[in-house]
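What follows is each chain in one-letter form.
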Amino acid sequence: MKTPAARTLATGLLSACLLSATALAHAAELNLWVMSTTEQQQQDMRELLRPYLARNPSLRVNVTVLNWESAWAKITAAAASGQGPDVLELGTTWVPAISSMGALEPLSEQQQSEAGGAKAFFPVMWGTTHRHDDATVYAIPWYADARAAFYRTDVFKKAGIDARDAFANWGSFKQAMQKINGQEIGGRKIAALGYPGKNDWNVVHNLAPWIWNAGGDLLSADRKRSAINSTEAVQAIVYYTSFAAEGLVPKSALEKDSGQIESGFFNGQYAVIFTGPWILKQMSTPKSKGGQLESVAANNFGIAPYPAGLKGNQTFFSGSDLGVMKSSKNKAEAWKLVAHLTGRESQVAFSKMSGMLPTRLDAANDPSLMGNPHYAEFMAQVKNGRHYPSIAGWGPLESVYLKNIGNMFDIVGGLKGKYSPLSIKQAMDAAALEADQVLSSSR
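Bear in mind the structure is a predicted one, so any value in this text is a computation, not a measurement. (Residues numbered from 1 in each chain as written. Predicted model: local features only at pLDDT ≥ 70, side-chain atom pairs only at ≥ 80, totals over all residues. Heavy atoms only, no water.)

Enquirer: I would appreciate a short explanation of the overall build of the protein chain in the present structure.
Expert: Across its full length, the protein chain carries 20 helices and 13 strands. Taken over the C-alpha trace, the protein chain has a radius of gyration of 25 Å; the compact-globule value for 443 residues is 22 Å, and the two agree within 12%. Taking the principal axes of the C-alpha coordinates as reference, the protein chain spans close to 100 × 50 × 35 Å. Across the 443 residues in the protein chain, those meeting the buried criterion constitute 54%. Intrachain contacts of the protein chain at a sequence separation of at least 6 include 73% that bridge at least 24 residues. Accessible area of the protein chain: about 19,300 Å², with a carbon and sulfur share of 53%. Charge-centre separation for the protein chain: the mean point of 42 positive side chains lies 2 Å from the mean point of 37 negative side chains. (Helix = DSSP H or I, 4+ residues; strand = E, 2+ residues; numbered from the N terminus. Rg over C-alpha atoms; globule rule 2.2 N^0.38 Å. Buried < 20%, exposed > 50% of the residue type's maximum accessible area, 1.4 Å probe, protein only. Contact = heavy atoms within 4.5 Å. Areas by Shrake-Rupley, 256 points an atom, 1.4 Å probe, with all protein chains shown as cover. Lys, Arg positive; Asp, Glu negative; His and termini not counted. Charge placed at Lys NZ, Arg CZ, Asp CG, Glu CD.)

Given below as structure tokens:
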């Protein structure tokens with residue numbers, strides 16, 4: 001005969017077994033695809049998910065890290081086959097295309113409200129969550145990327161140049177670069193400006209702010225035709241390429257990508273580069289941990305806006321969103337994960353891990369981030385941020401621009417024909433012709 005204590009123990013064990021069985025029955029497994037944004041993305045994602053998984057012990061999240069270079073092909077294949085993850089990261093220019101393929105779960109007004117809604121995010125970033133001609137929201141902004149000028153304060157001081165004057169407008173910027181070019185620092189001559197050429201996947205992003213600031217655009221107002229060969233766009237591209245043509249950007253830079261240009265800034269090759277917030281993290285991280293804290297640049301740099309053209313000094317503002325795939329078998333749990341990752345706490349944590357900017361206004365202005373004066377300086381540029389039109393055909397359109405702008409850089413580098421404003425116009429005419437064919441087929 002069992003004692004009361006034994007009966008109690010048996011009952012407790014039975015209850016525990018029933019609870020375990022119930023928990024197992026309700027266990028969910030999610031597959032999450034993200035891009036390689038940090039040095040240790042897999043490890044950082046585990047850390048980012050740790051508090052959420054602790055609160056949801058019956059949930060398992062399998063993280064797959066994609067490289068940006070191959071992600072588009074893998075994501076479009078998953079969208080076409082319906083065999084993809086539950087939650088996936090999408091570059092902000094990709095949301096319209098993937099949603100147009102019917103691969104993303106529309107987010108209800110209730111879900112949008114749970115995430116904070118449009119008012120909680122930078123307006124530019126919220127605009128990337130849906131197509132320009134359809135108010136249906138398919139994703140929530142996760143992190144952002146913007147561009148600004150990083151310059152060597154010691155070089156500017158030696159040249160007797162005030163950065164506020166140098167970055168005031170196109171004319172003053174060209175004059176400042178001419179004065180700085182060839183300055184000797186630590187027994188080594190420094191080039192005024194560094195920017196990459198055709199081998200960089202950021203080529204379109206690098207050109208866009210200059211085109212916008214000249215009053216041009218990459219598409220016509222109705223978004224049906226290319227505008228890259230407009231008078232304003234060509235004027236901007238001629239101005240931009242003139243720095244390389246005049247020797248203010250070394251010809252060798254035109255064979256490099258953004259990462260190599262950034263390395264050149266760190267090691268004293270260039271006095272000015274235009275890039276994103278992630279290098280702030282690099283310059284605050286010791287070399288023993290893969291950073292540049294001990295470099296001369298890390299201790300002598302400032303941040304400035306794009307020099308103003310005739311129509312202002314806008315910058316490129318983009319990033320990544322998170323969406324739920326329509327093929328997911330666990331849409332409720334998938335949405336909860338999206339809501340968590342795009343919440344304030346997660347965005348602040350990921351910003352510290354990656355150096356990228358939060359997309360939520362409350363996270364972007366978090367005191368723990370704004371306490372860094374360089375971060376605050378960079379955030380001041382975001383108010384002039386702009387994104388491309390949210391059209392389904394942007395992916396193939398950008399590929400056309402990449403190819404033709406690459407041809408243009410061959411002209412600038414002296415590898416194909418003779419550089420002149422006319423040769424640049426002809427190259428952009430060819431780009432516009434091919435782009436119009438892509439736009440016509442995507443409608």
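Now that the structure has been shown, we can carry on.
Enquirer: How do you make sense of the pairing of strand β11 (residues 315–324) when you look at a structure like this?
Expert: On a regular strand, one side chain projects to one face of the sheet and the next to the other, so that they alternate. When you tally the buried positions in β11, you get 10 out of 10 residues, the bulk of the element. Summarising the sheet, strand β3 (residues 87–91) and β11 pair through five bridges and their orientation is antiparallel. What sits directly across from L88, in β11, is G323. In this structure, strand β4 (residues 140–146) lies alongside β11, joined through six bridges in antiparallel fashion. Across the sheet, residue A146 finds its bridge partner in β11, namely F317. (Pairing = 2+ DSSP bridges.)

Enquirer: Just checking my understanding: could you explain the packing of helix α11 (residues 231–245) against helix α20 (residues 421–442) for this structure?
Expert: α20 packs onto α11 with a crossing angle of 125° between their chain directions and a minimal axis gap of 10 Å. In this view, α11 runs oblique relative to α20, as classed from their interaxial angle. For the crossing formed where α11 meets α20, the hand is right-handed. In this structure, α11 uses V234, I237, V238 and T241 to contact α20, whose residues at the interface are P421, I424, K425 and M428. (Axes fitted to C-alpha atoms, helices over the stretch in contact; angles between N-to-C directions. Parallel < 35°, antiparallel > 145°, perpendicular 65-115°, else oblique. Left-handed = near helix turned anticlockwise from the far one by under 90°.)

Enquirer: Help me understand helix α10 (residues 203–213), please; the structure alone is not making it clear to me.
Expert: A turn of α-helix holds 3.6 residues, and therefore any two residues three or four places apart point the same way. Burial analysis of α10 places 11 of its 11 residues in the buried class, which makes it a mostly covered element. Those residues of α10 not exposed but buried are V203, V204, H205, N206, L207, A208, P209, W210, I211, W212 and N213. Buried positions along α10 lie against α9 (170–180), α11, β9 (270–275), β11, β13 (385–386) and α19 (394–412). In the stretch just after α10, G215 is the one whose phi turns positive, near 95°.

Enquirer: I would appreciate a short explanation of the nonpolar core in the present structure.
Expert: A general trend in soluble globular proteins is that nonpolar side chains are found buried together. One finds F150, F156, F167, F173, M177, V272 and I405 to be the most contacted residues of the largest nonpolar core, which totals 128 residues. Of all hydrophobic cores here, the second largest spans 17 residues; its members include M35, L66, A71 and A139. (Core = buried A, V, L, I, M, F, W, Y, C linked by side-chain atoms within 4.5 Å.)

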